[in-house]
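# Remarks on the overall topology
This is what each chain is made of:
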2 protein chains.
Amino acid sequence: MPSVTYELISVCPHTAARRGRLHTPHGIVETPFFMPVGTVGSVKTVGSEDLEAMGYQQVLSNTYHLSLRPGADLVERFGGLHELMSWPGAILTDSGGYQVMSLSKTRKIDDTGVTFKSHLDGSMHFLSPERSIEIQGQLGVDISMALDECAPYPCTRDEAAGAMARTHLWAPRNLSAAREGQAVFGIVQGGIHEDLRSESAGFLTGLPFDGFAIGGVSVGEPTELQYPVVSFTAGLLPADKVRYLMGVGHPRDILHAVAAGMDMFDCVLPTRMARHHVMYTLLGRKNLRNLEFAERRDPVDPGSVFPATARYLPAYLRHLIHAKEALGARLLTLHNLAFYARLMEEIRTAIETGTWPELVERYRLA
Amino acid sequence: MPSVTYELISVCPHTAARRGRLHTPHGIVETPFFMPVGTVGSVKTVGSEDLEAMGYQQVLSNTYHLSLRPGADLVERFGGLHELMSWPGAILTDSGGYQVMSLSKTRKIDDTGVTFKSHLDGSMHFLSPERSIEIQGQLGVDISMALDECAPYPCTRDEAAGAMARTHLWAPRNLSAAREGQAVFGIVQGGIHEDLRSESAGFLTGLPFDGFAIGGVSVGEPTELQYPVVSFTAGLLPADKVRYLMGVGHPRDILHAVAAGMDMFDCVLPTRMARHHVMYTLLGRKNLRNLEFAERRDPVDPGSVFPATARYLPAYLRHLIHAKEALGARLLTLHNLAFYARLMEEIRTAIETGTWPELVERYRLA
């Protein structure tokens, strides 16, 4: 009996979207859903009580960061990341591979794994499939991601094929390193090439992973390349496991991927954009720094009410931003995360009630 | 009928402490009380909803900062600072004089007022008693503080006397500039000299101020000089008006001043110390950066439970601090403000129940 299982509830009459439930050791997560990114065991500026208040049931955290500080051994001594960050819901960690490639300047990758230099103190570390899964086991999370190789964008077909081959080489090693009951997800690679995506999905879905992710679509790819890859690859994933699109995205990207049959998402956009003064609204993204909000009383987004920020005037948020008050970033973060939470809730409702076209119309500008 | 009135409820059988109520246009404030400092219309890292949750009924904001940004005209167009920051409770503003002296490098003071250069953009501004009260009227606050001259510490007796003389010269000009119903408090000066404090209290309490403050005791004065000045001056203030000790202080300083008969306090310490990783506890101040908290599970302060931070392990707070996560400063700010809110609540209870000695013993190390 795997520790994470997917239950299908209903399907959309208009698209390939599906409504379900993910059963995890830390409760049920209604799908499709979005995970806020808590890189170091903290979603920037907000606490676990805030995430609970917004209705989030699962968050993502980063193996690379946590393994360097405070260290997987310490987290394990505390009984896991849930205990350390006081988070009662589910947690997924990435494998650490993506951060090794993006944050560490000195690194060497071969079939054994990746040797890299810590961005904190320059110390040398080694990450392999076995080590990544071991660390994620120490963190005690609900879902561990397999260590893969993700080719950068743009890359040649040969580079994409090479990264896929190493991902496949590592896949069984990830699985064999898992503790009893540790759920591990495989990641389909292959870049923008349909034949490689087919080969990757075919190989990985033959292994006993507890869920499958589409990797490598958010690393700088433009929409016109990303969407066909997502649509094509989603159709290759088994219906009885949950499907996770990594690192995506804007509301429109999520709507597209849900319609293609994807269930899980994570992205730094709502939280990072908030720290750059940008608010997601049904009328599009608004930069609160702009002069047009200096004396604005009416809500920036007339169609929405968010408890976290509804009491504050746009003019006040702009004042906080200009005065460089930390509260400004916090309130915009709460707003954007509440916007994403509501988006996912409305997605789930639209699938159940057969109102997908109306939902897409409602988020047309978002 | 003044817009701010003081109602005495009971007196302490052990000290000169008194329990009362301050009636303001924005509700009743139970005295003695502490005001969190919201310099630019925001108590750093916390929102009005957090202040409400901790039971605060009044906050302090800074005329100097608000007049430069977003500007008193804008605040007035929004219906006042309460509306701008969405704060339903009472607000007191300082006169701006202290910030002019401490933040502006170029300044010139004479009997007409102070000319100073903005710390934001270098533009030149002029602050007089009339202008300060006018700005505070535009901000629409419940209590305006008179513009005074506060001599730095240390200073000569002549400098203290000079600052006092100008404070007295300006006192009636502050009052005559007030709008109908605008409450203005006078500030007793005189440094560490009892005869000057007597002269200042005698002069100012002859004017129709709505309350009286003791100024100039927190500008670097050591405890052994501060305490006698507070005790002596508190005894000179009328019993039918509220008494405000400006800029004080640590819990022990507040306990001393309440015992001397003071009712109101403000200080940046709980919020500023939080941003320097320091937590107030019944066992004294603790720096959460320290290694001793790296694996600490038990509460730092075994005698206290604060809803805002009780769910988090000390080890997690330390991790947030080391990872430079904004949430760390926020959680410590919430903790310290909750600590101060509870201190004041227990002060009020101890006065009513005649248990002052037990209270002082309880906060012996704080």
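A quick note: this is a predicted structure, and the numbers were derived from the prediction, not measured.

### Side note on the interface of chain A and chain B
Contacts between the two partners involve 30 residues from chain A and, on the opposite side, 30 residues from chain B. Mapped onto the side of chain A that touches chain B, the elements with two or more residues apiece are α3 (72–77), α4 (81–85), α12 (314–322) and α13 (326–353) of chain A. In terms of residue class, the side of chain A that touches chain B is made up of 17 nonpolar, 7 polar and 6 charged.

### Quick look at the nonpolar core
In this structure, F185(A), A213(A), V230(A), L245(A), F185(B), A213(B) and L245(B) are the most contacted members of the largest nonpolar core, which totals 213 residues. Not counting residues within four places of it along the chain, the set of residues in contact with V230(A) comprises I214(A), V217(A), L245(A), H256(A), A257(A), A260(A) and M262(A). Residues Y98(A), A160(A), A163(A) and M164(A) belong to the second largest nonpolar core, which totals 7 residues.

### Focus: the packing of helix α7 (residues 157–176) of chain B against helix α8 (residues 194–204) of chain B
Residues and elements named next belong to chain B. Packing of α7 against α8 brings their axes to within 11 Å, and their N-to-C directions diverge by 0°. By the criterion of interaxial angle, the relationship of α7 to α8 is roughly parallel. Note on element contacts: α8 touches α7 through L196, S200, F203 and L204, opposite A160, A161, M164, H168 and A171.

### Some remarks on the domain arrangement of chain A
Residue and element names in this part refer to chain A. As far as domains go, chain A holds domain 1 (5–266) and domain 2 (268–366). Relative placement of domain 1 and domain 2: their C-alpha centres are 26 Å apart. Each partner contributes to the interface: domain 1 provides 29 residues, whereas domain 2 provides 25 residues. A per-class count over the side of domain 1 that touches domain 2 returns 16 nonpolar, 7 polar and 6 charged.

### Structural notes on the sheet that holds strand β4 (residues 33–35) of chain A
Residues and elements named next belong to chain A. The strand order across the open sheet built from 9 strands is β4-β15-β14-β13-β12-β11-β7-β6-β5, with neighbouring strands paired in parallel fashion. Bordering the open sheet on either side are β4 and β5 (37–38), each of which pairs with just one other strand. In this sheet, strand β6 (residues 58–61) lies alongside β5 in parallel orientation, the contact comprising 2 bridges. For V37, the partnering residue across the bridge sits in β6 and is L60. This element, helix α6 (residues 129–139), spans β7 (90–93), β11 (143–145) and β12 (183–188) of the sheet and lies at about 160° to β11.

### Here's the deal with the sheet that holds strand β9 (residues 113–117) of chain A
All names here are of chain A. Ordered in space as β8-β9-β10, the 3 strands form an open sheet in which the pairing is antiparallel. Edge strands, defined here as strands with exactly one partner in the open sheet, are β8 (107–110) and β10 (124–127). In this sheet, neighbouring strand axes are inclined to one another by 10° on average, regardless of whether the strands run parallel or antiparallel. As paired strands, β8 and β9 are joined by 4 bridges and run antiparallel to one another. Counterpart to R107 in the pairing with β9 is F116.

### Topic: the relation of the copies chain A and chain B
Aligned on chain B, chain A shows an RMSD of 0.0 Å; the corresponding rotation is 180° and the shift along the axis is 0.0 Å. Viewed as a symmetry operation, the transformation between the two copies matches a two-fold axis. The C-alpha atom lying nearest the rotation axis in chain A is that of A326(A); the distance is 3.8 Å. Comparing interface residues between copies, 100% of those in chain A also lie at the interface in chain B; the contact surface is shared.

Basis of the calculations
Residues numbered from 1 in each chain as written. Chains lettered and ligands numbered in written order. Predicted model: local features only at pLDDT ≥ 70, side-chain atom pairs only at ≥ 80, totals over all residues. Contact = placed C-beta atoms within 7 Å. Helix = DSSP H or I, 4+ residues; strand = E, 2+ residues; numbered from the N terminus. Nonpolar A, V, L, I, M, F, W, Y, C, P; charged D, E, K, R; others polar. Core = buried A, V, L, I, M, F, W, Y, C linked by C-beta atoms within 7 Å. Buried ≥ 20, exposed ≤ 12 C-beta atoms within 10 Å, placed from the backbone. Axes fitted to C-alpha atoms, helices over the stretch in contact; angles between N-to-C directions. Parallel < 35°, antiparallel > 145°, perpendicular 65-115°, else oblique. Domains from an automatic or database assignment. Pairing = 2+ DSSP bridges. Least-squares fit on C-alpha atoms with pLDDT ≥ 70 in both.

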